[in-house]
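Below are the chains, spelled out letter by letter.
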Amino acid sequence: MRIGLIVGPWFTVPPEKYGGTERVVDALACALMTAGHQVLLATTSDSTCPVPRVPDLGESEPGELGTSESELNHVIKAYAGMHHVDIIHDHTLAGPLYAHRPPGIPVVTTIHGPLTGRTAGLYRDMARNTAIVAISHDQCSGVPDLPISAVIHHGIDLSQVSAGEGKGGYACFVGRMCPDKGLLEAVHISRKAGVPLRIAAKMHTPAEREFHDQVVLPLLGPNEEFLGELSDPEKYELMGDALVLLNPIQWPEPFGLVMIEALATGTPVLSTPKGAAPEILTHGLNGFLAPSNELANYMEAVAGISRAACRRTVEERFTAARMAADHLELYARVLAPVEEAVRP
């Protein structure tokens, strides 16, 4: 199968630090190629993903994150380079609505963000000629009239993640610098439990910097250590040495890649039961799910969680190979009517 993958113009694939969608697309591209398929990736020119790429695309533009001008310019060039693939899997928001997609080539898109009322309308329009993938059952549960072709959980390349021993004596928080991710709650949980907290957080946008300067920084004390934004090796080392990942999310997060990353290092997770967290965590097996004000009560109990069981969760359910296999099954279903139509 010849598979075209499109990702946005703002971060490299894989990302140097922040970039959940780009990290997932990198894992998917490599796993599809390992499975014997031809992959053509439309991404920024400074990306390092080891698959063939659409030429003449610009360098990453993190400062333009979310702007329609940069995304539209990028996807138009991306589709122009996709005329010789069998199927296109577009991970942008604007691309599937582009009127001049290569004729006769089916398009699949993945919903990477929350399905708000406005975005749900966009995806309904896309569904007229595009197969829609959700990344969790919870993500699409509130929009029952949106035709979803498949629910495919994210996966990661376990060869890139070593299991840690959790001997650092601290809890960790990894996420964006914003209220939704639950950093303030993580601080209160770790203090109540009497466990030091190490914080790794992405802080690019003005809103993120304002939240840090005005809300988080005045709160931090001797129990907390702010590490900034980490690379993948640094992040996995932080997670692997931690007793637990604190992930007290305050919104219905569509997936939560950070949880399977922590589990891959053998580290259990304490999370609120919001969004897709119950689809990833099994209470008492690889972590605990509870309201924020109750999570500190489980801090001692995480010592009884098997770190091998945490990693086994990822080995059995969240590998890049499983993610690729699920996508290949979907691609085959999407291509079947096309192949039938051209058959003599």
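About the criteria used
- Residues numbered from 1 in each chain as written.
- Predicted model: local features only at pLDDT ≥ 70, side-chain atom pairs only at ≥ 80, totals over all residues.
- Heavy atoms only, no water.
- Helix = DSSP H or I, 4+ residues; strand = E, 2+ residues; numbered from the N terminus.
- Rg over C-alpha atoms; globule rule 2.2 N^0.38 Å.
- Buried < 20%, exposed > 50% of the residue type's maximum accessible area, 1.4 Å probe, protein only.
- Contact = heavy atoms within 4.5 Å.
- Areas by Shrake-Rupley, 256 points an atom, 1.4 Å probe, with all protein chains shown as cover.
- Lys, Arg positive; Asp, Glu negative; His and termini not counted.
- Charge placed at Lys NZ, Arg CZ, Asp CG, Glu CD.
- Pairing = 2+ DSSP bridges.
- Axes fitted to C-alpha atoms, helices over the stretch in contact; angles between N-to-C directions.
- 1 Å grid on protein atoms, 1.4 Å probe; cavity = no way out; pocket = protein on both sides within 12 Å on 5 of 7 lines; lining within 4 Å.
- Points joined across faces, edges and corners; volume = space filled by probe spheres on them.
- Right-handed = clockwise from strand over helix to strand, strands pointing away.
- Core = buried A, V, L, I, M, F, W, Y, C linked by side-chain atoms within 4.5 Å.
- Phe/Tyr/Trp six-rings, centres within 6.5 Å; stacked < 30°, edge-to-face > 60°.

Student: Would you explain the overall build of the protein in this entry?
Tutor: The helix and strand tally for the protein stands at 11 helices and 12 strands. The globule rule puts the C-alpha radius of gyration for 344 residues at 20 Å, and the 20 Å found for the protein is close to it. Summarising its shape, the C-alpha atoms of the protein cover approximately 70 × 40 × 40 Å along the three principal directions. The buried share of the protein, reckoned over its 344 residues, is 53%. Looking at the protein alone, contacts between residues at least 24 apart form 65% of all its contacts between residues at least 6 apart. Of the roughly 14,700 Å² that the protein leaves accessible, carbon and sulfur atoms contribute 53%. With 26 positive and 40 negative side-chain charges, the protein shows a spacing of 3 Å between the two charge centroids.

Student: Honestly, the sheet that holds strand β1 (residues 2-6) in this entry has me stumped. Any pointers?
Tutor: Pairing between the strands of a sheet is mediated by backbone hydrogen bonds and can be parallel or antiparallel. The six strands are arranged β2-β1-β3-β4-β5-β6 in an open sheet whose pairing can be described as parallel. Every other strand in the sheet has two partners, leaving β2 (38-42) and β6 (150-151) as the edge strands with one partner each. Sheet strands touched by helix α1 (residues 20-34): β1, β2 and β3 (87-90). Its angle to β1, the strand with the most contacts, is close to 170 degrees.

Student: Please clarify how the environment of L32 should be interpreted in this entry.
Tutor: Along the chain, the position of L32 falls in helix α1. Distance from L32 to K167, taken between C-alpha atoms, is 36 Å for residues 135 residues apart in sequence. Leave out the neighbours within four places in its chain, and L32 touches I3, L5, H37, V39, A324, L328 and Y331.

Student: Explanation requested: helix α7 (residues 232-241) in the structure shown.
Tutor: Along an α-helix, residues three or four apart share an orientation, since each turn contains 3.6 residues. Every buried residue of α7 is accounted for by D232, K235, Y236, L238, M239 and G240. Considering only its buried residues, α7 is in contact with α1, β7 (171-176), β8 (197-202), β9 (224-228), α8 (257-264) and α10 (307-317).

Student: How do you make sense of unusual backbone geometry when you look at a structure like this?
Tutor: Most peptide bonds take the trans configuration, and most residues that are not glycine carry a negative phi. For the bond from V13 to P14, the omega torsion is -10 degrees, close enough to zero to count as cis. Phi angles above zero are rare outside glycine, and D56 is one such case at about 65 degrees. Residue placement: D56 occurs in the loop between β2 and α2 (68-80).

Student: Explain empty space enclosed by the protein to me, please; I cannot follow it from the model alone.
Tutor: Where empty space is left in the structure can be found by rolling a water-sized probe over the atoms. Inspection of every chain in the model, using the stated rule, returns one cavity of 30 Å³ or more. Considering only enclosed or pocket space, the largest cavity measures out at about 50 Å³ in volume. Taken together, V24, L28, H91, T110, H112, V133, I135, I152, H154, M323 and H327 form the lining of the largest cavity. Elements supplying a minimum of two residues to the lining of the largest cavity: α1 and α11 (320-342).

Student: It is not clear to me how the pairing of β2 should be interpreted in this structure. Could you clarify?
Tutor: Remember that side chains alternate between the two faces of the sheet whenever the strand is regular. Burial within β2 is extensive, with four of its five residues counted as buried. Alignment of β1 against β2, held across five bridges, turns out to be parallel. Of the residues in β2, the one forming a bridge with G4 is L40. The handedness of the β1 to β2 crossover, carried by α1, is right-handed.

Student: Would you take a moment to explain the nonpolar core for this structure?
Tutor: Side chains of a nonpolar character, in soluble globular proteins, are inclined to be buried together. Ranked by size, the top nonpolar core spans 82 residues in total, and within it L5, L32, L246 and Y331 carry the most contacts. Residue contributions to this core peak at eight residues, all from α11. Aside from chain neighbours lying at most four places away, what touches L246 is A171, C172, F173, A186, I189, S190, L197, L270 and M299. Of all hydrophobic cores here, the second largest spans 12 residues; its members include I6, M82, I105 and V107.

Student: What is the right way to look at the packing of aromatic side chains in this model?
Tutor: All chains considered together, the criterion is met by three aromatic pairs. Look at F255 and F318: their rings are 6.0 Å apart centre to centre, the planes differ by 70 degrees, and that puts the pair in the edge-to-face class. Pair noted here: F255 is in the loop between β10 (244-247) and α8 and F318 is in the loop between α10 and α11, with a separation of 63 residues, a long-range link. Residue F255 shares its accessibility class with F318, and that shared class is buried. Judged by centre distance (4.9 Å) and plane angle (25 degrees), the ring pair of F288 and Y298 falls under stacked. One end of the pair, F288, is in strand β12 (residues 287-289); the other, Y298, is in the loop between β12 and α10, with 10 residues separating them in the sequence.

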